[in-house]
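So the chains spell out like this:
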Amino acid sequence: MNLLSCTYKVTGTNTFRLASTQILGTWGANCQNPDKRLMHEVVPRPGNCFLQCDQAGAEALIMANIAQRGRMYELFKHNIKPHTYLALHIFIEKFVKPEDKHKYWMASPADLIKLPEWKELHKLVKQAKMEYALGKMTCHAKNYDMKWMTFIINVLEKTSGEIILTAAQGKDFLNMFDLLFTEIIQLQEAIKAEVRATGMLRNLFGHPKRFVQPHRSTYERAWLAYIAQSTVGVLAIKAAHDIKVELKQQKLDREILLVNNKHDSLMLDLPERHVEYGADLLKRKMARDLRAPNGNEFRMGVEVSKGYNWKDMEEL
């Protein structure tokens with residue numbers, strides 16, 4: 001059995017997230033942004049399984065809480081993923097009958113969950129592979145104010161050429177986000193104003209970042225990304241440290257290995273008999289309480305998955 005390895009780039013990111021690459025450009029792989037074809041070949045030690053814990057909707061959750069309370073905040077409050085809500089609106093003609101459109105269009109999350117058919121519709125949207133993926137990619141793009149042409153290219157690259165959007169579609173998808181989540185657009189303008197005035201931002205752990213580049217639109221995406229991305233990165237690193245400390249205290253550090261930190265997720269390689277403990281450990285350390293500058297207090301959501309290779313993981 002071959003071991004997967006990498007080399008870490010100390011100056012790889014500006015947001016406290018880890019960055020890795022092949023060793024000397026030849027051996028190993030990028031373990032933070034791995035090739036999907038490789039992931040299927042990565043397996044745990046014989047007789048073991050993988051447990052992976054992801055911060056659920058992490059960056060959107062942070063943006064929802066540092067913004068003024070609006071529709072994004074309400075979606076998380078009622079356990080509705082923003083990707084699902086946005087996909088429903090972008091492709092509403094596919095998911096609901098024309099005569100029922102008024103029940104869902106711009107509906108508040110509180111009203112949606114009262115509809116008897118909502119659970120089934122919510123499941124239907126999540127299972128619509130292309131539509132859900134586009135809802136997710138649109139959310140990620142607009143969280144950092146991506147423009148329509150960059151968005152179209154981004155979709156093309158992320159889907160390996162499977163989804164080709166027209167200019168009109170790219171603009172419409174992004175405009176739909178603006179329509180639904182005005183509080184996020186207002187937050188973005190406030191962040192830009194803060195950087196122009198002070199040249200600095202802090203994440204939710206208080207870690208500062210000084211921006212010394214000229215104040216041009218080409219740098220604004222880095223400003224908008226910093227608070228959420230660096231909070232997610234620091235949370236994962238703190239959780240990884242605490243997990244290793246507890247495993248050593250419990251004398252389980254040889255049986256249970258922390259094998260990867262992938263930006264917003266951690267993965268364990270462990271024997272089947274330790275799955276319950278491992279899942280509990282991951283949840284305890286990753287589901288941290290956070291406080292936004294505006295006073296909003298919230299806990300990072302987590303999802304734990306199990307699998308016998310890195311790609312095929314089933315949520316527990």
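In what follows, the structure referred to is the one given above.
Since we're looking at a predicted model, the values are computed, not measured.

(A) Local environment of the overall build of the protein chain. Check the secondary structure of the protein chain and you find 14 helices and eleven strands. The globule rule puts the C-alpha radius of gyration for 316 residues at 20 Å, and the 21 Å found for the protein chain is close to it. C-alpha atoms of the protein chain, sized along the principal axes, occupy 60 × 50 × 40 Å. Considering the protein chain as a whole, with its 316 residues, one finds that 47% of them fall into the buried category. As displayed, the protein chain has an accessible area near 17000 Å², and 52% of this comes from carbon and sulfur atoms. Side chains of the protein chain carry 45 positive and 36 negative charges; the gap between the two charge centres is 5 Å.

(B) Just the packing of helix H2 (residues 58-66) against helix H13 (residues 220-249), in detail. The contact between H2 and H13 brings their axes to 9 Å, and the two run at 125°. Taken as axis vectors, H2 and H13 run oblique relative to one another. Relative to H13, H2 is oriented so that their crossing is right-handed. Listed contacts from H13 to Ala-58, Glu-59, Ile-62, Met-63 and Ile-66 of H2 are Ile-227, Ala-228, Gln-229, Thr-231 and Val-232.

(C) Quick look at unusual backbone geometry. Positive phi values are uncommon outside glycine, yet Leu-24 reaches one of about 55°. With respect to the helices, strands and loops of the structure, Leu-24 is situated in the loop between strand E2 (20-21) and helix H1 (36-39). One non-glycine residue with positive phi stands out, namely Ser-160, at about 50°. When you line up the elements, Ser-160 lands in the loop between helix H10 (148-158) and helix H11 (167-180). Under the relative-accessibility criterion, Ser-160 is labelled exposed at 68%.

(D) Structural detail: the sheet that holds strand E10 (residues 302-307). As summarised here, the arrangement of the five strands in space is E6-E7-E3-E10-E11, forming an open sheet in which the pairing is antiparallel. Looking at which strands have only one partner, the edges of the open sheet turn out to be strand E6 (257-261) and strand E11 (313-315). Direction aside, the axes of adjacent strands within the sheet are offset by 30° on average. Along the sheet, helix H14 (residues 275-286) makes contact with strand E3 (48-55), strand E7 (265-271) and E10, crossing E3 at roughly 20°.

(E) Broad picture of a positive patch on the surface. A cluster of like positive charges, contributed by Lys-36, Lys-129, Lys-136, Lys-158 and Lys-311, occupies part of the molecular surface. In this structure, Lys-311 sits in the loop between E10 and E11.

(F) Layout of the side chain of Arg-288. Looking at where Arg-288 falls in the secondary structure, it is placed in the loop between H14 and strand E8 (289-291). In this structure the side chain of Arg-288 is engaged in a polar contact, spanning 3.4 Å, whose partner is the backbone oxygen of Lys-238. Looking at Arg-288, its side chain comes within polar contact range of the side chain of Asp-242, at 2.4 Å.

(G) A look at the packing of aromatic side chains. Here the structure, examined in full by the defined rule, presents four aromatic pairs. Centre to centre, the rings of Phe-91 and Phe-173 are 5.6 Å apart; their planes meet at 65°, and the pair counts as edge-to-face. Placement of Phe-91 in the loop between helix H4 (82-90) and helix H5 (92-95) and of Phe-173 in helix H11 is noted, with a sequence separation of 82 residues between them. Phe-173 matches Phe-91 in its accessibility class, with the two residues each being buried. Put simply, the rings of Tyr-85, Phe-177 and Phe-181 pair up and form one aromatic cluster. The residue whose ring lies beneath Lys-101 is Trp-105, and the NZ or CZ to ring-centre distance is 5.0 Å. Over the ring of Phe-211 we find Lys-209; its NZ or CZ atom is 5.9 Å from the centre of that ring.

(H) Representation of the pattern of salt bridges. Under the counting rule described, the total for this entry stands at 22 salt bridges. Close ionic contact of Arg-284 with Asp-280 constitutes a salt bridge, the shortest N to O distance being 2.7 Å. Of this pair, Arg-284 and Asp-280 both sit in helix H14, four residues apart, which is roughly one turn of that helix. Judged by relative accessible area, which is 36%, Asp-280 ranks as partly exposed. Taken together, the shared-partner salt bridges connect Lys-142, Asp-145, Lys-147, Asp-178, Glu-189, Lys-192, Arg-196 and Glu-220 into one network.

(I) Layout of the packing of helix H9 (residues 129-143) against H11. Close contact between H9 and H11 brings their axes to 10 Å; oriented N to C, the two are set at 70°. Our classification of the angle between H9 and H11 gives roughly perpendicular. In the packing of H9 onto H11, the handedness of the crossing is right-handed. Along its contact with H9, which presents Leu-134, Thr-138, Cys-139, Ala-141, Lys-142 and Asn-143, the element H11 presents Phe-173, Leu-174, Phe-177 and Asp-178.

About the cut-offs
Residues numbered from 1 in each chain as written. Predicted model: local features only at pLDDT ≥ 70, side-chain atom pairs only at ≥ 80, totals over all residues. Heavy atoms only, no water. Helix = DSSP H or I, 4+ residues; strand = E, 2+ residues; numbered from the N terminus. Rg over C-alpha atoms; globule rule 2.2 N^0.38 Å. Buried < 20%, exposed > 50% of the residue type's maximum accessible area, 1.4 Å probe, protein only. Areas by Shrake-Rupley, 256 points an atom, 1.4 Å probe, with all protein chains shown as cover. Lys, Arg positive; Asp, Glu negative; His and termini not counted. Charge placed at Lys NZ, Arg CZ, Asp CG, Glu CD. Axes fitted to C-alpha atoms, helices over the stretch in contact; angles between N-to-C directions. Parallel < 35°, antiparallel > 145°, perpendicular 65-115°, else oblique. Left-handed = near helix turned anticlockwise from the far one by under 90°. Contact = heavy atoms within 4.5 Å. Pairing = 2+ DSSP bridges. Patch = residues over 30% accessible without salt bridge, like charges linked within 9 Å, V, L, I, M, F, W, Y side chains within 5 Å. Salt bridge = Lys/Arg side-chain N within 4 Å of Asp/Glu carboxyl O. Polar contact = N/O pair within 3.5 Å; in protein donor to acceptor, adjacent residues only side chain to side chain. Phe/Tyr/Trp six-rings, centres within 6.5 Å; stacked < 30°, edge-to-face > 60°. Lys NZ or Arg CZ within 6 Å of the ring centre and 35° of its normal.

Read these as geometric descriptors, not functional statements.
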